[in-house]
Structures are given as structure tokens and as C-alpha cells.
Amino acid sequence: MLAVVSVAQLMLMLDATIVNVMLPQVHNALHLSTTGQQWVMSIYVLPFGGLMLLGGRLTDVVGRRRVLLTGLALFTGGSLLAGTATTATQLLIARALQGIGAAATSPAALSILVTSFPDQTERTKALGTWGSVLGIGASMGALLGGLLVQIDWRWAFYINLPVGLAVIGAVAGLVAGGGPDQRKPPSDLGGALTITGGLLLLVYGIVSSTMNGWTSWQTVGAFAVSVVLFAAFVRIEQRHRAPLVPLRLVGKRNVVAASLGQLVSAGIMLPTFFLLPQYMQGVLHYSPLQTGLAYIPTSLAMLFVSGVVARVIPKTGARGPFLVGTVLLAGMLGLIMNATIDSGYWTLLLPVTALLGIGLVICMITIPVVGTADATEEDAGTASGILNAAAEVGGALGLAVVATSVGARSAELVRQGVDPVHALNSGLHRGFAVLFVWVGLNLLIGLFGLRGKAASRFRAD
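Residues numbered from 1 in each chain as written. Predicted model: local features only at pLDDT ≥ 70, side-chain atom pairs only at ≥ 80, totals over all residues. Heavy atoms only, no water.

Examining the packing of helix 5 (residues 88–116) against helix 17 (residues 380–415)
Argument step 1. Helix 17 packs onto helix 5 with a crossing angle of 130° between their chain directions and a minimal axis gap of 8 Å. By the angle class used here, helix 5 and helix 17 are oblique. The two elements helix 5 and helix 17 meet at a crossing, and its hand is right-handed. Between helix 5 and helix 17, the residues in contact are Ser106, Pro107, Leu110, Ser111, Val114 and Thr115 and Ala380, Gly381, Ser384, Gly385 and Asn388, respectively. (Axes fitted to C-alpha atoms, helices over the stretch in contact; angles between N-to-C directions. Helix = DSSP H or I, 4+ residues; strand = E, 2+ residues; numbered from the N terminus. Parallel < 35°, antiparallel > 145°, perpendicular 65-115°, else oblique. Left-handed = near helix turned anticlockwise from the far one by under 90°. Contact = heavy atoms within 4.5 Å.)

Overview of a nonpolar patch on the surface
Argument step 1. Side chains of Leu293, Ile296, Leu300, Leu303 and Phe304 sit close together on the surface and give an oily, nonpolar patch of about 470 Å² of accessible area.
Argument step 2. Looking at the nonpolar patch element by element, the count peaks at four residues for helix 14 (residues 296–316).
Argument step 3. For Ile296, the position within the fold is in helix 14. (Patch = residues over 30% accessible without salt bridge, like charges linked within 9 Å, V, L, I, M, F, W, Y side chains within 5 Å. Areas by Shrake-Rupley, 256 points an atom, 1.4 Å probe, with all protein chains shown as cover. Salt bridge = Lys/Arg side-chain N within 4 Å of Asp/Glu carboxyl O.)

Re the environment of Val393
Argument step 1. Mapped onto the elements of the fold, Val393 is located in helix 17.
Argument step 2. In sequence terms Val393 and Leu263 are 130 residues apart; their C-alpha atoms lie 6.7 Å from each other.
Argument step 3. Residues in contact with Val393, not counting those within four places in the same chain, are Leu199, Leu202, Val203, Ile206 and Leu263.

A few points about the packing of aromatic side chains
Argument step 1. A full pass over the atoms with the stated rule returns six aromatic pairs.
Argument step 2. Plain terms: the ring middles of Tyr44 and Phe48 are 5.5 Å apart, the flat faces sit at 65° to each other, and that makes the pair edge-to-face. Placement of both Tyr44 and Phe48 in helix 2 (residues 34–50) is noted, with a separation of four residues, approximately one turn of the helix.
Argument step 3. When the centroid spacing of 5.4 Å and the interplanar angle of 80° are considered together, the rings of Trp155 and Tyr158 count as edge-to-face. In this pair, Trp155 and Tyr158 are both assigned in helix 7 (residues 155–158), three residues apart and thus about one turn of the helix distant.
Argument step 4. According to the relative accessible area criterion, Trp155 is partly exposed, its value standing at 44%.
Argument step 5. The class for Tyr158 is partly exposed, based on a relative accessible area of 22%. (Phe/Tyr/Trp six-rings, centres within 6.5 Å; stacked < 30°, edge-to-face > 60°. Buried < 20%, exposed > 50% of the residue type's maximum accessible area, 1.4 Å probe, protein only.)

Overview of the side chain of Ser343
Argument step 1. Following the sequence through the fold, Ser343 ends up in the loop between helix 15 (319–336) and helix 16 (345–371).
Argument step 2. Reaching out from Ser343, the side chain makes a polar contact with the side chain of Tyr279 at a distance of 3.4 Å.
Argument step 3. Side-chain polar atoms of Ser343 contact the backbone nitrogen of Thr340, separated by 2.8 Å. (Polar contact = N/O pair within 3.5 Å; in protein donor to acceptor, adjacent residues only side chain to side chain.)

Description of the packing of helix 12 (residues 253–283) against helix 16
Argument step 1. Two elements in contact, helix 12 and helix 16, have axes whose closest approach is 9 Å; the angle formed by their N-to-C orientations is 160°. In terms of their interaxial angle, helix 12 and helix 16 are classed as roughly antiparallel. Both helix 12 and helix 16 take part in a crossing whose hand is left-handed. Judged by residue contacts, Asn254, Val255, Ala258, Gly261, Gln262, Ser265, Met269, Thr272, Phe273, Leu276, Tyr279 and Met280 of helix 12 engage Leu348, Leu349, Val352, Leu356, Leu360, Cys363, Met364, Ile367, Val370 and Gly371 from helix 16.
Argument step 2. When the residues that make up the contact of helix 12 with helix 16 are grouped by side-chain class, the tally is 16 nonpolar, six polar and no charged. (Nonpolar A, V, L, I, M, F, W, Y, C, P; charged D, E, K, R; others polar.)

Describing unusual backbone geometry
The phi torsion of most residues other than glycine is negative, and most of the peptide bonds are trans.
Argument step 1. A positive phi is found at His285, a non-glycine position, where the angle reads about 65°.
Argument step 2. Residue position: His285 is located in the loop between helix 12 and helix 13 (288–294).

Remarks on the side chain of Ser259
Argument step 1. Position of Ser259 among the secondary structure elements: in helix 12.
Argument step 2. Look past the residues within four positions of Ser259 in its chain and what remains in contact with it is Ile386, Leu387 and Ala390.

With respect to helix 12
Argument step 1. With 31 residues, helix 12 should cover 45 Å at 1.5 Å per step; its first-to-last C-alpha distance of 44 Å lies within 8% of that length.
Argument step 2. Counted residue by residue, helix 12 has 22 buried out of 31 residues, so it is predominantly covered. (Expected span 1.5 Å × (residues − 1).)

Structure (C-alpha cells):
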């Protein structure tokens, strides 16, 4: 069961980073504009983040197996459509379908993992594997993307077909049918509409900021309406006898702390995976394949450290490992701030990518352990949806802020007559510097949000 749900999540993470690497080839093949290239990523993130919470709740209401199979079918079908797309419009529709499928697959997979391991110690070990899969998928996507680009960009999508079909078959055979409760609770249509609309507009506002600016009417309007919808959602949930998201769950300290940690950690991870290839290819002139190979230390670090972290948390609690992981990420940022146009791999990129892998995997294992510590059969899907939604929103927000900072700084220097390569390198420094704010927030979350999460909290009774 652990292998099946981990492979399902691995497929989603690989797809997200593979697409980053092959965008130039897609641009040439389908004649995408700059805005079109942005939307190849954005149209996937929008439904993925916006529908995540609804997908999580559906796992609790209609059954984890049903939602997971539906999500996998949509994602795999979207991959086929993307691989066969001949126009930009077809590709964007396919990417949106992938995002919808991912929004169902990710929380369903995590909730199955949580409910399959009721023993806290065993659950921590299982979540250790889960956390390492997330990070390895993100880093290995760059390597796989570099290899596939040498063949044809369409294989970045075709590769999902055999994996998706295999996972669908495994889920059908291994996961029991039916929902956690055969009773059908009253439908919370108002809550579903307001929270889904609010999340969609929030993610759209973040995505829009990179294209239209933070003060544009599209961005400000999306944020304003999302706030109104969130307020309406809270009001509806307070009154509904079967709320989409029980406020008692949101009010639990471990869920809140884990959600904030997930939001901020994803806000470090995704921008870093965006900035490093920009530096390798745009400044050091690495090929896509060389860029992918440069990430091998990240994957190896995650693979070897994940098992250690999963054994440490039941003994020490979550707070210490989370703070250690955050400090290592700060060290990684400190090193990359020294990057020049002729920095070497062994003296800079090797320690940077290794620290990135170790720091990320520690944080990404610790967060779901805390967030699902109190999860039950009735709310495991909702808790998983909250954590996953926080990750998508945090990643989109971090990427938007960093991309805006890099673009503004680079463009300013080019206008002043600075060489484009030196300008890009300086812009990347600005982007990495911004991430120190996220690291500071993560330290605060670890110090105060995870306070009291003693080791006994994660041991079996």
C-alpha cells in the first residue's frame, strides 16, 4: 500500500519539474508566447491548488479508493492529451485536466497512507518514505526531463501513461472499496463552492502577479474576492451540521502549525527548484542533461536521510528535526549567494544541492507527521487536503514573489547596460535573498508552532 500511494505521488512531482525543463522545446514546437509558456505551468497549479481541499473532503465522503482512481484516471488521460497536443490550446486544456486529477490523487493517496498506519510509530516511518518521495520526485524530475528532452518533449507526458495505468491497477486490487462511513452526510454545497472559489481565486491572484504585477486590477481583484469567499466559507461552516471542513479540525494546533510549515517550506522548495536551473543553464551554460545530473546529490541526500529522520522523530519529537532542516536550508541559501558566473560544480553546486536535499527532506517528513497525528478515519482526507492545499498555495506564492524579484532586478541591470549573463546572476542573487524571509518564518513556526510536540506524541500508545 505504501509503495502504491508513494508511486502515485511520485508521478505528480515528476511531472511538475519535468515540464520546467522542456518548456523551451514546447515553445518552439507549438509556437507558444511568453505568456503561453507561463500558463503551461499556471493552468496546472490553478486547479491543483484550488480543488485540493474539496478533493480531500470527497475522500472522506465518497471513499478514498473511488477518489484516488478517478484522480489517477483524469491525470493519466490528461497526460495522453498533452502528449498528443498539436496546438497551444489543446496543451493547456490537457494540463488543466492533469491539475484536476492531481487535486484528487494527492489528498486521497495521503489519507490512505494515514489510515493504513494507525500506529503512530509506523505512521511516522511511512510518512518518512512519503516525504522523501516528494523531494526525490522534484529533484529527479529535472534529470528525467533533461534525458527526455534529448528524445522528444512529448515523452515528458507519455511516461505517465504506463505508470498511471500500473498504479490504477494496483489501487483497484489493493485498496478496499467504499468510504470510511457508509452514511451519506448532508451535502455542504455552499461550503464547497466558497472554499473552492476562494482557493482558485487566491492561486489565480498569485499566478497573475507574475504576469500583470501585484497592483494590477486582475491580481488585486482576485485577492479581494477570495477574502470575501473565505469569510463566507467560515460563516457557512459554523452553521452547517455536516461541514465540508470541520472547524474543530482547523482549530487544532498541530494542523495549523503543520499547514503553516507546509506553506512556507513549499515556498522555499519550488522557487529553489526554479532558480537553480536558471543559474545552471542561463549563467553557467549547462545543458538540460547536465542540469539534471547536477541534482543527483539532492536525490541521494533525500534517499539516505529520510530513513534516519523517520527513526529520530519518535525519539526526539518534531521540533528539533524541523529546526535543523530549516537551518540547513539557510546554509544552502548562504552558499548560493556566493555564486558567480564561473563558479565550479564541486566547490559550489555539490554542497548546495546536498544541503538542499537534506534540509528539505527533514522538513517535509516532519510536517505531515505533525499534521496527521490526530487524523481519524472520518477526517484523514480533509486533513490531507488542508496540508496539500497549503503546499500548493505556498509554492505558488513563493515562486511568484521570487520570479518577480529576479525579473525586475535583471531587467533593471540590462537597461543600465550590464551584460545579460551578469544581470541574470545578480537577479538570481536577489531571488535567493528573498527566500531568507521564508527561512525566518519557518524558524518561527518551528520554535513556537511545534512547541510541546514531544517525542511521546508520535509513539504508539
